[in-house]
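One letter stands for each residue in the lines below.
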Amino acid sequence: MATPSVPAATPSAPPRRKRRTLFLGFAFILGGSLIAFVIGAAVMFFQWPPSEFLEKAFVGVRAIYERAEIPTPDRNTDLPSVSANVDKADKTADGYMLVTLAATNGDSNQAFLLDMKNKVKHRWGVPFSKVWPRPEHVPTPVKDNLVSFFSCHLHPNGDLLVVMHGLQQTAVGYGLVKLDKESNILWSHAAGVHHDIDVDPEGNIYAAQHEMVKSMPKGLEFIPTPCLADSLIVLNPDGTPKGKPVPLLEAFRDSPYAELLRGLEPGKLKTDHPGPVSLKRFEDETRKQDSLHTNTVQYLTAAMAQQIPGAKAGQVLITLRNLDAIAVVDLNERKVVWAARGPWQALHDAQVLDNGNVLLFDNQGIPRGSRVLEYNPRTQAFPWSYSGENMGAFVSTERGMCQRFANGNTLIVNSWDGEIFEVTREKEVVWAYAPHKFIAFAKRYTPDQVAFLPAGSKPRP
């Protein structure tokens, strides 16, 4: 009987051939990735057309990663329970202080109204996603705890105008919203409104608004692009636009102060700086993309305007961090009518006082700290300044605010270190509060300016 044949076993591939195949596959993937990286880098460096898509993709991936690391905010959180370490009641200008904090938690989506003992008397809060569920004006997906209430304007009836900022890039505006005293949304303006707002006696709203531009108009080609370009806008009381935006780069270009813009030319930028931190503008990517960094907007009344050379009622005073300048813009003529530079650097929050002088926060004008200056625009003198006397030096390389009260005291906001203090003309510290979180905004209101509070409310219990 014949023995059935058994099929021969298929020989396995030699181990060496397998290793070679794996190596070639790995080399192919690695080579393809390297080529893609080189092409992508070239696209971003030379700003070829796909660069905008790639930039959004990179930022989006980073945002997803950062959002995964940050817990969802608690909308009912309170301010840190920190008592004032100074409170000389017989010397303070009592009132209610409106505060916003830039922090990646529930604090950032709220504004708090505090009494003199730092107790919360009222709050406003709304998540970004409720204002703009599908925000087309923001380039990347945004989670609520990465958006902060920034500057505000409080109406006597409790309505609150709120500028929203991104926390990933704190200089980038995410829009303007008006809330009633119960935090219901009255209207919103979906655009790059940032830093500061002001309201004239008729209720019209003045604000700075920016947008990303990829090229400069004639006469401004020396400014690197892409960058954020600022405009001044005016809104009606109902939030609808009033007139056309006034581009600030062009407003300088078409004025006798055009030469100030040459400070933005890369070959002429200052890299050495006497302050605590060297700005090195345009070497840092964030500052490269922010041409002017307008951070003050103040509507000038007739009384304010008469103290500034050449100014008129209805014009707008602004400060520009990247020019180290104060300026006045005529919205009808669409140009700068007055500007000044001084010993201040990277300044914020200038305002015309009743005496005609300008109070401003000088972030980096001295080697070992920040200071507040009172500046006379007519004589170029400095009648008053404060840089930490009787308290110790303070440093806020970003933001910073100041406010002069009727009794002559001055409120100073050290945003970076999260502290607020009130000093007299004699530089005595008479009140202080330190939540030790980045303070985006703080302003004290007199009792008659917050008429919506319950009858019998007092700023000092």
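Residues numbered from 1 in each chain as written. Predicted model: local features only at pLDDT ≥ 70, side-chain atom pairs only at ≥ 80, totals over all residues. Heavy atoms only, no water.

S.K.: For this particular structure, what's the right way to read the overall build of the chain?
M.R.: Within the chain one finds six helices and 25 strands. Considering only residue pairs separated by 6 or more positions, the chain has 55% of its internal contacts joining residues 24 or more positions apart. When the accessible surface of the chain is split by element, carbon and sulfur atoms take 56% of a total near 21,800 Å². (Helix = DSSP H or I, 4+ residues; strand = E, 2+ residues; numbered from the N terminus. Contact = heavy atoms within 4.5 Å. Areas by Shrake-Rupley, 256 points an atom, 1.4 Å probe, with all protein chains shown as cover.)

S.K.: Please explain the packing of aromatic side chains as it appears in this structure.
M.R.: One pair of aromatic rings is described through two measures. These are the centre distance and the angle between the planes. Within this structure, the stated rule accounts for 13 aromatic pairs. Ring geometry for F128 against W132: centres 5.3 Å apart, planes inclined by 50°, an arrangement best described as tilted. Both residues of the pair, F128 and W132, count as buried. Between W384 and Y386, the aromatic rings sit 6.4 Å apart at their centres with planes inclined by 10°, giving stacked as the arrangement. Pair check on accessibility: W384 and Y386 agree, each one buried. An aromatic cluster of at least three residues, connected via ring pairs, comprises F361, W384, Y386, F394 and F421. Above the plane of the ring of W431 lies R444, whose end atom (NZ or CZ) is 4.8 Å from the centre. (Phe/Tyr/Trp six-rings, centres within 6.5 Å; stacked < 30°, edge-to-face > 60°. Buried < 20%, exposed > 50% of the residue type's maximum accessible area, 1.4 Å probe, protein only. Lys NZ or Arg CZ within 6 Å of the ring centre and 35° of its normal.)

S.K.: So what exactly am I meant to see when it comes to the nonpolar core here?
M.R.: For soluble globular proteins, nonpolar side chains are generally found buried alongside one another. In terms of nonpolar packing, the biggest core is built from 43 residues, with M97, L98, L113, W124, L154, M164 and I420 touching the most fellow members. It is strand 2 (residues 96-101) that contributes the most residues to this core, five residues altogether. If near-sequence neighbours (up to four positions away) are discounted, L98 is found in contact with A111, F112, L113, W124, C152, L154, L160, F441, A442, K443 and Y445. (Core = buried A, V, L, I, M, F, W, Y, C linked by side-chain atoms within 4.5 Å.)

S.K.: I keep staring at the side chain of H293 and nothing clicks. Help me out?
M.R.: Relative to the assigned elements, H293 resides in the loop between helix 5 (285-288) and strand 13 (294-299). Classification of H293 by relative accessible area gives buried; the value is 4%. A distance of 3.2 Å separates polar atoms of two side chains, one belonging to H293 and the other to H195. (Polar contact = N/O pair within 3.5 Å; in protein donor to acceptor, adjacent residues only side chain to side chain.)

S.K.: Can you walk me through the pattern of salt bridges in this structure?
M.R.: Oppositely charged side chains are able to pair whenever their charged atoms sit close together. The final tally for this structure, using the stated rule, is 14 salt bridges. Note that E428 and K91 form a salt bridge whose closest N and O atoms lie 2.9 Å from each other. With E428 in the loop between strand 23 (419-423) and strand 24 (429-433) and K91 in the loop between strand 1 (86-87) and strand 2, this residue pair connects regions lying 337 residues apart in the sequence. Note on K91: relative accessible area 33%, which makes it partly exposed. Salt-bridge contacts for E265 lead to R262; the nearest nitrogen and oxygen are separated by 3.1 Å. Accessibility expressed as a relative area gives 31% for R262, which makes it partly exposed. One salt-bridge network, held together by shared partners, links D87, D94, K117 and R460. (Salt bridge = Lys/Arg side-chain N within 4 Å of Asp/Glu carboxyl O.)

S.K.: Which parts of the structure should I look at to understand the pairing of strand 21 (residues 401-404)?
M.R.: Along any regular strand, the residues point their side chains to alternate faces of the sheet. Residues M401 and Q403 of strand 21 are buried on one face, and the alternating residues C402 and R404, pointing to the opposite face, are buried as well. In terms of strand pairing, strand 21 meets strand 22 (residues 410-414) through four bridges, oriented antiparallel. Across the sheet, residue R404 finds its bridge partner in strand 22, namely T410. Adjacent in sequence and paired antiparallel, strand 21 and strand 22 are bridged by five residues, among which G408 carries a positive phi angle near 95°. (Pairing = 2+ DSSP bridges.)

S.K.: Quick question: what am I supposed to make of the sheet that holds strand 6 (residues 160-166) here?
M.R.: Within a beta sheet, neighbouring strands are joined by backbone hydrogen bonds and run either parallel or antiparallel to one another. One open sheet accounts for four strands, arranged 5-6-7-8; its pairing is antiparallel. Where the open sheet ends on each side, the last strands, each with one partner, are strand 5 (147-154) and strand 8 (185-189). Recorded for the sheet is a direction-independent mean angle of 25° between the axes of neighbouring strands. In this sheet, strand 7 (residues 173-179) lies alongside strand 6 in antiparallel orientation, the contact comprising six bridges. By the bridge assignment, L160 is partnered in strand 7 with L179. (Axes fitted to C-alpha atoms, helices over the stretch in contact; angles between N-to-C directions.)

S.K.: Quick question: what am I supposed to make of the confidence of the model for the chain here?
M.R.: Predicted coordinates in areas of low pLDDT are best not read in detail. Predicted confidence across the chain gives a mean pLDDT of 83, with 75% of residues reaching 70 or more. Every residue in residues 1-13 is under pLDDT 50, and counting partners more than four places away or in other chains gives zero contacts. Residue range residues 271-283 is modelled with pLDDT below 50. Its contacts to residues more than four positions away, or to other chains, number 37 contacts. (pLDDT = per-residue confidence, 0-100.)

S.K.: Explanation requested: the sheet that holds strand 11 (residues 227-235) in the structure shown.
M.R.: In space, the four strands of this open sheet follow the order 9-10-11-12, with antiparallel pairing throughout. Pairing within the sheet leaves two strands with one partner each, and these edge strands are strand 9 (193-199) and strand 12 (246-247).

S.K.: How should I be thinking about unusual backbone geometry in this particular structure?
M.R.: Glycine aside, residues mostly have negative phi, and peptide bonds are mostly found in the trans state. Here T225 and P226 are connected by a cis peptide whose omega angle stands at 0°. Turning to its location among the elements, P226 is positioned in the loop between strand 10 (205-213) and strand 11. Here the phi dihedral of H293 falls at roughly 55°; this positive angle occurs in a residue that is not glycine. Unusually for a residue other than glycine, N390 sits at a positive phi of about 65°. Assignment of secondary structure puts N390 in the loop between strand 20 (384-386) and strand 21.

S.K.: How should the environment of R262 be read in this particular structure?
M.R.: Along the chain, R262 falls in the loop between helix 4 (248-253) and helix 5. In this structure, the C-alpha to C-alpha distance between R262 and L323, residues 61 residues apart in sequence, is 9.2 Å. Of note is the side chain of R262, whose polar atom sits 3.1 Å from the side chain of E265.

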